[in-house]
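Inside the fold
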Amino acid sequence: MLSEKERNIVDYLSSRGQATSDQISKDLGMDYSSVLSLLELLKSKGIVDIEVNEEEEVELTEEGKERATKGLPEEVLINEILKGKEVKINDVKDKMGEDFKIAITWGKKKNLIEVEGGVVKPKVEHYVSPELETLRNPNPNSPFIDVLVKRGLLKKGKKVIAKVTLLKPIASQTEMITTLTHDILVNESWKNKEFRPFNVEAFPPFFPLAKKHFFKEFLDKLKDVMVGLGFKEIVTDYIEIEFYNFDLLFQPQDHPAREIHDSFSIKGNGNVKDSNLISNVKEMHEKWWKYTWNPDISKRLLLRSHTTATTARTLASGPTPPFRSFTIGKVFRPDAIDATHILEFHQLDGLIIEEDFSFKDLLGVLKEIFARIGIEKVKFKPAYFPFTEPSVEAYGLIGKLGWVELSGAGMLRPEILEAVRVKGRAGAWGLGIERLAMLYTGTDDVRKLYSYDIEYLRDRKVSLRW
Amino acid sequence: MVTINLNRERLLKKLNLREDELEDLLFNLKSESKVSGDSIEIEVNADRPDLFSSDGLKRAIDGLKERAVGEPKYPVFESDYELKVEEVRKRPYAIAAIVKEIKLDEEYLKEIIQLQEKLHATIGRKRKKVAIGIHDLGKITSKTIVYKEVPLDYKFVPLGERRLLEVKEVLQSTNQGKEYGNISIDQDRGTMPAIMEENGNVMSIPPVINSEHTRITQKSKDLFIDVTGTSLHAVLQTINILISNLAEGGGKIYSVKIHSRDRIDIMKREELVIDKLRVQKVLGLRLDEKEIQHLLAKDRIDYFLESSSIIIPPYRVDIIRDEDIAEDIAMMYGYSKIEPQRFVSYKLGTYDNITLIERTIKELSIGAGFQEVFTYVLTKKDNLIGDYVVIENPISDEYNAVRNSLIPVILDFLSKNQHSRFPVKIFESGDIVVRNKDNETGYKNERMLTIALMDSKAGYEEIQSPLHQILLNLSIQPKYSSKESPYFIKGRSASVIIGNNEEIGSLGEIRPELLKKFDIKYPVAIAEISLNKILTHVY
């Protein structure tokens, strides 16, 4: 079997019988050394015979290449510096720099100039070096070869020239099938023809395979877990009213978490349509926190700082128990951006309302959710959140990392349920997703979850397990 | 979380604990500890300010270890000091108490200052709501203390100074003055609140600074404490926590007679009747009354069987109703001992329709050979065109607006991938934010799908044909209507129309001037459609 390149050489030879390696390289546009090695291969396969000779060749040195384009220094001196006039030797030196000595030496030698009393005088008005032509087109037979070699502008070498003779006639390329086409199949011209072989062992060129984004897949799987557990997905907007982000969640208006630097504010005010709800929330704040609640503060707009805002909206919609809902969405917080912090990230928030839901039930829900994402061991720590009581933080045992804080949860404060007029008891929880996603997807920098480098996405292997 | 710093050796000695024991006990008090050198950092939850000093920690841990149970009763003796509260418009409430026989040394003094500062930061809302002044009683010459407004040219020697300064100089030239001076100054009347001796000596100008004259030192034995603020409730809570902790540390509390419009008693203990059944149901635990009583005793709270009630210790400002008591009972019972109730799901839940359409359209886009990408919602104003939401308090110019289209974000993505292997075919489904006057916020999210091609050539048809097939697969027959767009080359720009003339998106070849703006040197074709708009047609 012949490779594509071997085939090209054989095709070339079949039309002319004989050729030199030089001609093959030029005519087929192939690299000279690879032509030589391909010819050796063809010889070993008994397809061609080659006769190797060495020819003298001359090659330009680096300096030679430069002179070939710019001209020899003495030529430059006559034509560009002197221009038929006398010039002070120091001026020549300044203008020519390193080439000065060469120009003076060869100018004297060739009797082109005279140097006297610190002045260079030209003897000719214009000059073209006869050896320049040889330099531009090196011909081993030129009389100037030796002088140019001596000036270090050319070097002599030897070139291997192979004279090639085709021994076996081989079916030419045109008679072989390169691409199998509809026409060939219809007219059956493939019969009695060979298929041009391909180098099937070579690696292929790049193919832009498309796939899902690994972090979005993780979010999808979390959704599947929640839906599998009987929860209804709720989606709400990024722009939120403080009323839902804070007030309804029992966060007093002077609470430190409501300070300007803890959320992104948006110009303008929102307008809560349910006036009963507004008065209930006002009453809740004034009764329990003992201050005068300001409706204007509650109207301010912001980018939601937690998905509990979605839970608040769900509660405000008046769900009747038994009720199970969840949301997975982005939240926004001002922070310094680094390997573990970005300005927008995802949270999962869950809500269960039942006639008789208890803290013990809540711990069971958390345990089950974590079991479904492969975290078998969990432990619970007392915690504080403004909107839940009792409150708990759930920790999961994750491989080498040990106990990792996963979720904040608790029984929704009765004040909130009273304000939204929801009967029964409710458990709620929230968890940050990015850190979990980093653990599951083996990502060391949270910013890689939002990589703007397509090669990173292309090179990421798909996960075979969850 | 509030972090307090204590001397490690001293704390362990005071609590009579080993370090690992301390860590476990704190875990059950919602707190965490971290040792660094000679000191120990304790993170306490903001709802338990009574734990902001070693005295409060000792009280709680003594209960957990059952070294001391039930409410610690700190007697309140009467003193012959009085506080006259006059009208102070910007900061109307003031209260005072005396704690005697305090054994101060360098560490304890530091701790009391720390407790004061942490109370300022939390309940005090950075001194806006509450501020505390602690004075050496021995240096106070009069039995009558007055809280009133003083003019800004009134003079006193503030803490850390040697000479008399006018109040306004103090506000302008001291660090505390600059930081807190604006809180209670009455600009209209040109006054500041002041706690003063009867003879006119200023003891403090709350919430800014005390006087040098009444400075507490390690030699101080008896303390005069004033608390002022804008909320009577918070002022009372603060003084109660402070003096309860000092009393736990060995001090004796003396009341100061308060003359004011409001009737104010320090260390008032409220009764709370507990609905036992409700507590049991909230927790899901069957606890009999004796157990409840025992657990609350460990929590340093007295429970009375006859009346099913508790007395809320004055320093426990976090307890307002049954659920708060339920949490305390659970903490004393031990969260680790509560066996989670096995969760049963009776039926499958549901996905939001937007999730369903998104999943389908993502499959189709991948089938069309587009790689999914995930970009940020926040971007810079410069990248966006048209009406978009601006962040009022951005922390970086790179993220000062909310995207109103995926196209600029996708162009930003492409501009960073010009050296990658071509062709670059990407898609994203993600939310943008647009105006919507019907919503309570005036805005709404819209889920968009954007498919994009960047290659040595990227023509209109090369993005139109995959889009067309995606829509046909959703049983949607689109029409394309030539339309000018700021994104696309004129004559190579169209809207996508479905159903009854509804525009669901647009497509085209990106304008060279826009490519130049994003520093993109290859042609790009993009289509963007709204999944929310498609939803109304497919379901």
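Predicted model only: the values in this text are computed from it and were never measured. (Residues numbered from 1 in each chain as written. Chains lettered and ligands numbered in written order. Predicted model: local features only at pLDDT ≥ 70, side-chain atom pairs only at ≥ 80, totals over all residues.)

Another aspect to go through is the overall build of chain A. The number of helices and strands found in chain A is 19 helices and 16 strands. If you line up chain A on its principal axes, its C-alpha atoms span 115 × 85 × 45 Å. When the 466 residues of chain A are sorted by exposure, 36% land in the buried category. (Helix = DSSP H or I, 4+ residues; strand = E, 2+ residues; numbered from the N terminus. Buried ≥ 20, exposed ≤ 12 C-beta atoms within 10 Å, placed from the backbone.)

A few words on the confidence of the model for chain B. Of the residues in chain B, 100% reach a pLDDT of 70 or more, and the chain-wide mean stands at 95. Two numbers describe this predicted complex: its pTM, 0.81, and its ipTM, 0.92. (pLDDT = per-residue confidence, 0-100.)

Residue and element names in this part refer to chain B. Split into domains, chain B comes out as domain 1 (2–64), domain 2 (76–259), domain 3 (270–337) and domain 4 (353–538). Relative placement of domain 1 and domain 3: their C-alpha centres are 23 Å apart. Its residues assigned to classes, the side of domain 1 that touches domain 3 shows 3 nonpolar, 2 polar and 4 charged. (Domains from an automatic or database assignment. Nonpolar A, V, L, I, M, F, W, Y, C, P; charged D, E, K, R; others polar.)

Right, let's talk about the domain arrangement of chain A for a bit. As far as domains go, chain A holds domain 1 (4–57 + 155–187), domain 2 (62–150) and domain 3 (214–459). Computed from C-alpha atoms alone, the centre-to-centre distance between domain 1 of chain A and domain 2 of chain A is 45 Å.

Strands pair in a sheet through their backbones, by hydrogen bonds, and they do so in one of two ways: parallel or antiparallel. Residue and element names in this part refer to chain A. Taken in spatial order, the 3 strands make up an open sheet running β3-β5-β4, and their pairing is antiparallel. Here the strands that pair on one side only, and so sit at the sheet edges, are β3 (87–88) and β4 (113–116). Bridge count for β3 against strand β5 (residues 119–122) is 2 bridges, and the pairing is antiparallel. Bridge pairing in β5 places Val87 opposite Val120. (Pairing = 2+ DSSP bridges.)

Glancing now at the environment of Asp455 of chain B. Residues and elements named next belong to chain B. Within the element layout of this structure, Asp455 appears in the loop between β23 (443–454) and α13 (460–473). According to the C-beta neighbour criterion, Asp455 is partly exposed, with 16 such atoms within 10 Å. In this structure the C-alpha to C-alpha distance between Asp455 and Pro340, which are 115 residues apart in sequence, comes to 56 Å. Aside from chain neighbours lying at most four places away, what touches Asp455 is Phe422, Pro423 and Tyr522. (Contact = placed C-beta atoms within 7 Å.)

Listed by partner, the interface residues are 75 residues for chain A and 76 residues for chain B. Counting residues per element, the side of chain A that touches chain B draws most heavily on helix α16 (residues 359–372) of chain A, which supplies 8 residues. Here the side of chain A that touches chain B is built from residues that sort into 37 nonpolar, 10 polar and 28 charged.

Before going further, it helps to spend a moment on the pairing of strand β25 (residues 488–498) of chain B. All names here are of chain B. Pairing analysis gives 4 bridges linking strand β24 (residues 479–482) to β25, with the strands arranged antiparallel. Among the inter-strand pairings, Tyr480 is bridged to a residue of β25, identified as Val496. Where β24 folds back on β25, the antiparallel hairpin that results is connected by 5 residues. As consecutive antiparallel partners, β25 and strand β26 (residues 502–510) are separated by 3 residues, and within that stretch Gly499 has a phi angle of approximately 50°, a positive value.

The subject of this paragraph is the packing of helix α1 (residues 8–15) of chain B against helix α3 (residues 54–64) of chain B. All names here are of chain B. Two numbers describe how α1 lies on α3: the axes approach to 10 Å, and their chain directions differ by 35°. The two elements α1 and α3 meet at a crossing, and its hand is right-handed. Where α1 abuts α3, its residues Leu11, Lys14 and Leu15 lie against Ser54, Leu57, Lys58 and Ile61. When the residues that make up the contact of α1 with α3 are grouped by side-chain class, the tally is 4 nonpolar, 1 polar and 2 charged. (Axes fitted to C-alpha atoms, helices over the stretch in contact; angles between N-to-C directions. Left-handed = near helix turned anticlockwise from the far one by under 90°.)

Because an α-helix packs 3.6 residues into every turn, residues spaced three or four apart end up facing the same way. Residue and element names in this part refer to chain A. When the terminal C-alpha atoms of helix α13 (residues 275–288) are compared, their 20 Å separation across 14 residues agrees well with the 20 Å that a helix rising 1.5 Å per residue should span. Buried within α13 are the following residues: Leu277, Val281, Met284 and His285. The arc that holds the buried residues of α13, viewed along the axis, is 90°, so those residues lie on one side. Seen from the open side of α13, the exposed residues pointing more than 90 degrees away from its buried face are Ser275, Asn276, Ser279, Glu286 and Lys287. Two residues or fewer past α13, Lys290 is found with a positive phi of approximately 55°. (Expected span 1.5 Å × (residues − 1). Arc of directions from axis to C-beta.)

Residues and elements named next belong to chain A. The side-chain alternation of β5 yields one buried face, formed by Val120 and Pro122, and one unburied face, formed by Val119 and Lys121. With 4 bridges joining them, β4 and β5 adopt antiparallel strand pairing. Within β5, the residue paired with Val115 across the bridge is Val120. Taking the residues between adjacent antiparallel strands as the criterion, β4 and β5 are bridged by 2 residues, where Gly117 takes a positive phi near 50°.

Strand order in the open sheet formed by 3 strands is β19-β21-β20 (chain B), and the pairing between neighbours is antiparallel. At either margin of the open sheet sits one strand with a lone partner, and together these are β19 (378–379) and β20 (389–390) of chain B.

Okay, the environment of Ala309 of chain A next. Residues and elements named next belong to chain A. Checked against the element boundaries, Ala309 lands in helix α15 (residues 308–316). Residue Ala309 is classed as buried on the basis of its C-beta count, with 29 C-beta atoms lying within 10 Å. The spacing of Ala309 and Lys191 is 118 residues in sequence and 73 Å in space, taken between C-alpha atoms. Filtering out sequence-adjacent residues up to four positions away, Ala309 remains in contact with Glu240, Tyr244, Asn245 and Arg304.

With omega at -5°, the peptide bond leading from Glu389 of chain A into Pro390 of chain A counts as cis. As for its placement among the helices and strands, Pro390 of chain A is situated in strand β14 (residues 388–398). Note that the residue after Phe422 of chain B, namely Pro423 of chain B, is joined by a cis bond; omega there is -5°. Relative to the assigned elements, Pro423 of chain B resides in the loop between α12 (407–415) and β22 (424–435). The phi torsion at Arg300 of chain B lies on the positive side, around 65°, for a residue other than glycine. Tracing the backbone through its elements, the reader meets Arg300 of chain B in the loop between α9 (289–298) and β16 (303–304). Despite not being glycine, Asp519 of chain B has its phi angle at roughly 60°, a positive value. For Asp519 of chain B, the location among the structural elements is in the loop between α14 (512–517) and β27 (524–530).

Residues Leu366 of chain A together with Ile329, Ile410, Ala452, Val524 and Ile526 of chain B are the most contacted members of the largest nonpolar core, which totals 147 residues. Residue contacts for Ile526 of chain B: discarding those within four places in its chain leaves Ile407, Ile410, Thr450, Ala452, Ile463, Leu507 and Ile510 of chain B. Listed in part, the 77 residues of the second largest apolar core include Ala60, Ile98, Met196 and Ile216 of chain B. (Core = buried A, V, L, I, M, F, W, Y, C linked by C-beta atoms within 7 Å.)

Residues and elements named next belong to chain B. At a closest axis distance of 9 Å, the pairing of α9 and helix α10 (residues 322–333) adopts a crossing angle of 85°. Considering their axes alone, α9 and α10 lie roughly perpendicular with respect to each other. Of α10, the residues touching α9 (which contributes Ile292, Leu295, Leu296 and Lys298) are Asp328, Ile329, Met332 and Tyr333. Split by residue class, the contact of α9 with α10 holds 6 nonpolar, no polar and 2 charged. (Parallel < 35°, antiparallel > 145°, perpendicular 65-115°, else oblique.)

Residue and element names in this part refer to chain A. Along the chain, Thr310 turns up in helix α15. Classification of Thr310 as buried rests on a count of 27 C-beta atoms within 10 Å. The spatial distance from the C-alpha of Thr310 to the C-alpha of Lys381 is 25 Å, given a sequence separation of 71 residues. Sequence-distant contacts of Thr310, that is, excluding residues within four places in its chain, are made with Ile234, Thr236, Thr327, Gly329 and Asp349.

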